[in-house]
Amino acid sequence: EDQVTQSPEALRLQEGESSSLNCSYTVSGLRGLFWYRQDPGKGPEFLFTLYSAGEEKEKERLKATLTKKESFLHITAPKPEDSATYLCAVQAQTGGFKTIFGAGTRLFVKA
Amino acid sequence: ETGVTQTPRHLVMGMTNKKSLKCEQHLGHNAMYWYKQSAKKPLELMFVYSLEERVENNSVPSRFSPECPNSSHLFLHLHTLQPEDSALYLCASSQDHGSNQPQHFGDGTRLSIL
């Protein structure tokens, strides 16, 4: 069964304390892996798409990487405004190209 | 106006009421989606429309009825809902259904069933 698991559920960091969020996936034929940021009371905001193992994407303090089994979202020197829920989603070749979402990691960055 | 717009942002209704959620996308996309988001759970896909035709219905109860009159508009008609239907309902669009392009989301309708 296709599955996406994100860890940890919640992460508390001090401002400037770098860390990584994990997204593990089990799918039949990866077509794309997506990272989103969701602020309270808002819809998910698209961040990155990764298509193949070894690929990396960067945006400001965020860097996403992909292997054959998992993706990491690295946050370098985070600021309080980086506090949000980060969602990972995977599109598989089976199941009518369905996009499967993880439950998210809630990130809290304290000044 | 750009992106994906959902109205209303908040809705409180009784179990016997009938209401509708509206979604409009200004991205020129061909596919539109309804998702349900409950606390600490992954997004649950409810319906998928591609070029105004429903292509997926994920075992959603008949008290939820979608409508897609054109590729820019999507509705979710609600009737005789249950308390467990209280959640954030998100609309999304993508260039095409089945393409490996990201979906773009609206800010959702927060639904509370009394």
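Residues numbered from 1 in each chain as written. Chains lettered and ligands numbered in written order. Predicted model: local features only at pLDDT ≥ 70, side-chain atom pairs only at ≥ 80, totals over all residues. Heavy atoms only, no water.

Concerning the pattern of salt bridges
Taken as a whole and judged by the stated rule, the model has seven salt bridges over all chains. One salt bridge connects Lys42(A) with Asp107(B), and the closest N-O pair in it is separated by 4.0 Å. You can see Lys42(A) sitting in the loop between β4 (30-38) and β5 (45-50) and its partner Asp107(B) sitting in the loop between β10 (104-105) and β11 (109-113), one on each of two chains. Asp82(A) serves as the salt-bridge partner of Arg61(A), at 2.8 Å between the closest nitrogen and oxygen. Taken together, the positions of Arg61(A) in the loop between β6 (56-59) and β7 (62-66) and Asp82(A) in the loop between β8 (70-75) and β9 (84-92) put the pair 21 residues apart, joining distant regions of the chain. With relative accessibility at 6%, the residue Asp82(A) sits in the buried group. (Salt bridge = Lys/Arg side-chain N within 4 Å of Asp/Glu carboxyl O. Helix = DSSP H or I, 4+ residues; strand = E, 2+ residues; numbered from the N terminus. Buried < 20%, exposed > 50% of the residue type's maximum accessible area, 1.4 Å probe, protein only.)

Overview of the side chain of His73(B)
Residue and element names in this part refer to chain B. Here His73 lies in strand β8 (residues 73-79). A polar contact is formed between the side chain of His73 and the side chain of Asn70, at a distance of 2.9 Å. Residues within four places of His73 in sequence aside, it is in contact with Lys22, Cys23, Glu24, Met32, Glu67 and Cys68. (Polar contact = N/O pair within 3.5 Å; in protein donor to acceptor, adjacent residues only side chain to side chain. Contact = heavy atoms within 4.5 Å.)

Considering empty space enclosed by the protein
Across all of its chains, the model carries one cavity of 30 Å³ or more by this definition. A class-by-class count of the residues in the lining of the largest cavity yields four nonpolar, five polar and one charged. (1 Å grid on protein atoms, 1.4 Å probe; cavity = no way out; pocket = protein on both sides within 12 Å on 5 of 7 lines; lining within 4 Å. Points joined across faces, edges and corners; volume = space filled by probe spheres on them. Nonpolar A, V, L, I, M, F, W, Y, C, P; charged D, E, K, R; others polar.)

With respect to the sheet that holds β7(A)
What holds strands together in a sheet is hydrogen bonding between their backbones, with the strands either parallel or antiparallel. Residues and elements named next belong to chain A. Taken in spatial order, the five strands line up as β1-β3-β8-β7-β6 in an open sheet, and their pairing is antiparallel. Edge positions in the sheet fall to β1 (3-7) and β6, since each has one partner strand and no second. Across the sheet, the axes of successive neighbouring strands diverge by a mean angle of 15°, strand direction being ignored. As defined by bridge partners, β6 adjoins β7 across four bridges and the pair is classed as antiparallel. Paired with Glu58 across the two strands is Lys63, which belongs to β7. (Pairing = 2+ DSSP bridges. Axes fitted to C-alpha atoms, helices over the stretch in contact; angles between N-to-C directions.)

Taken by themselves, the reported measurements are silent on function.
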